[in-house]
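Architecture and fold: a report
Here are the chains, one letter per residue:
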Amino acid sequence: MADNDQQLQERTEQATPKRLADARKKGQIARSRELNMAAVMIAGSAFLFVGGPQLGTFFVDLMRSRLSFDASWLQHPDTMMTGLSEAGLSALAAFAPFMLLAVIAAILGGVAIGGWSFSPSPMAPKLSKLDPLKGLKRVFGVRGLVETVKAIAKAMVVSACAIGFLSYATDSILNLSRTPLHAAVGDTGALVTTILLICSSSLILIALIDVPFQLWNHAKQLRMTRKEVQDEMKETEGRPEVRGRIRALQQEAASRRMLLDVPAADVIVTNPTHFAVALKYEDGNMRAPVVLAKGTDHMAARIREIGEANGIAFFEAPPLARALYWTTDIGAEIPARLYLAVAQVLTYIFRLQAAMEGRAEWPNRPRVKVASELTERPVRGRRNDTN
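Owing to the predicted nature of the structure, the values given are computational and were not obtained by experimental measurement.

1. Looking at helix α13 (residues 318-327)
- A large share of α13 lies buried, amounting to seven of its ten residues.
- Buried residues along α13 sit against β1 (267-270), β2 (275-280), β3 (290-296) and α14 (339-356).

2. Here's the deal with the sheet that holds β1
- Ordered by their spatial adjacency, four strands build an open sheet running β3-β2-β1-β4, and the pairing between neighbours is mixed. Looking at the sheet topology across the chains shown, the edges are occupied by β3 and β4 (313-316). Within this sheet the neighbouring strands show an average axis-to-axis angle of 20°, counted without direction.
- Pairing of β1 with β4 involves four bridges; the strand directions are parallel. Within the sheet, the bridge partner assigned to I268 lies in β4 and is F314.
- Against the sheet, helix α12 (residues 298-309) touches β1, β2, β3 and β4, its axis set at about 125° to β3.
- α14 contacts β1, β2 and β4 of the sheet and is inclined by roughly 135° relative to β4.

3. Points about the pairing of β3
- The element β3 is largely enclosed, with a buried count of six among its seven residues.
- Note: β2 against β3, six bridges, orientation antiparallel. The partner of F275 across the bridge, within β3, is T296.

The rules we used
Residues numbered from 1 in each chain as written. Predicted model: local features only at pLDDT ≥ 70, side-chain atom pairs only at ≥ 80, totals over all residues. Heavy atoms only, no water. Buried < 20%, exposed > 50% of the residue type's maximum accessible area, 1.4 Å probe, protein only. Helix = DSSP H or I, 4+ residues; strand = E, 2+ residues; numbered from the N terminus. Contact = heavy atoms within 4.5 Å. Pairing = 2+ DSSP bridges. Axes fitted to C-alpha atoms, helices over the stretch in contact; angles between N-to-C directions.

Right, dumping it as structure tokens:
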């Protein structure tokens, strides 16, 4: 018992979407019987309040027609049974709208807070339900106390509404004795349906209290311990070695896609061997140069190899290569602090290409300067791309 209490106290985490979905599959959803009862009672009493006079007139006519018969019926008992059957079917047909409305109200009241869910799990036989100790715990536990309080509250609220209405309608009730029989029957029906509607509507007060409590209690019952959340994450995401393998495959696929963009680069900035970054800039179409590919060691060698095969210009600048690698993601624009250095490199490359074509003089190689803090590996959780 102590272990169970300790485990319950440790359930401080809100239920995850997976736990909520699993609970719904098992039929564990929030339900309010008070809301369901209030919906059915209000729907039924409203129907009787509105259609009671017509329903009463119908039954009076039905009884008057079916309870009057001639002597020939005594010689043919089958005729009496036929008449009785027809009367029963007529009564059922008259009550059909009432029953249909009650069923609709019961369904809507049942799914109002928990939604529609059908699961055979609650109907499966469980030996634990036959345990007398658990049964006593349900009766005399917190849940039983709450149900008792709700029953007392319902009795008090309904009684107060009934007493209040009877006090208000005392004169009308006393005048029934001096009213003709036919009118008295109608007035009595009106009083009964009115008090029934008022008392039924008073159940809304209990439902307004019960619905938030049921939602809170349902969420409390589905709370999880930290260990359960961690176990679910492991189950959902897989074991660490599986996740590592998936990340490796994703990185490999991203690297292949990245290498496909290298031939479109304008220049590859190198370290010269440990780092390689491919840059692209289109005047008028790009706000700033973009990193198409980057890599170290083996990946840097592959970038250089593809660059050489496609005639891409190389520019050896170790500080700039390291700064671009550490500050800029693939497909992203370079940070503002590297604008000047990259502009010098691109200008040199473009002038060099023009000189090789005989359209310009040979340019002087620029001396690229980069802030030292940009060339270092960033601290975990931080970036070096400060503008």
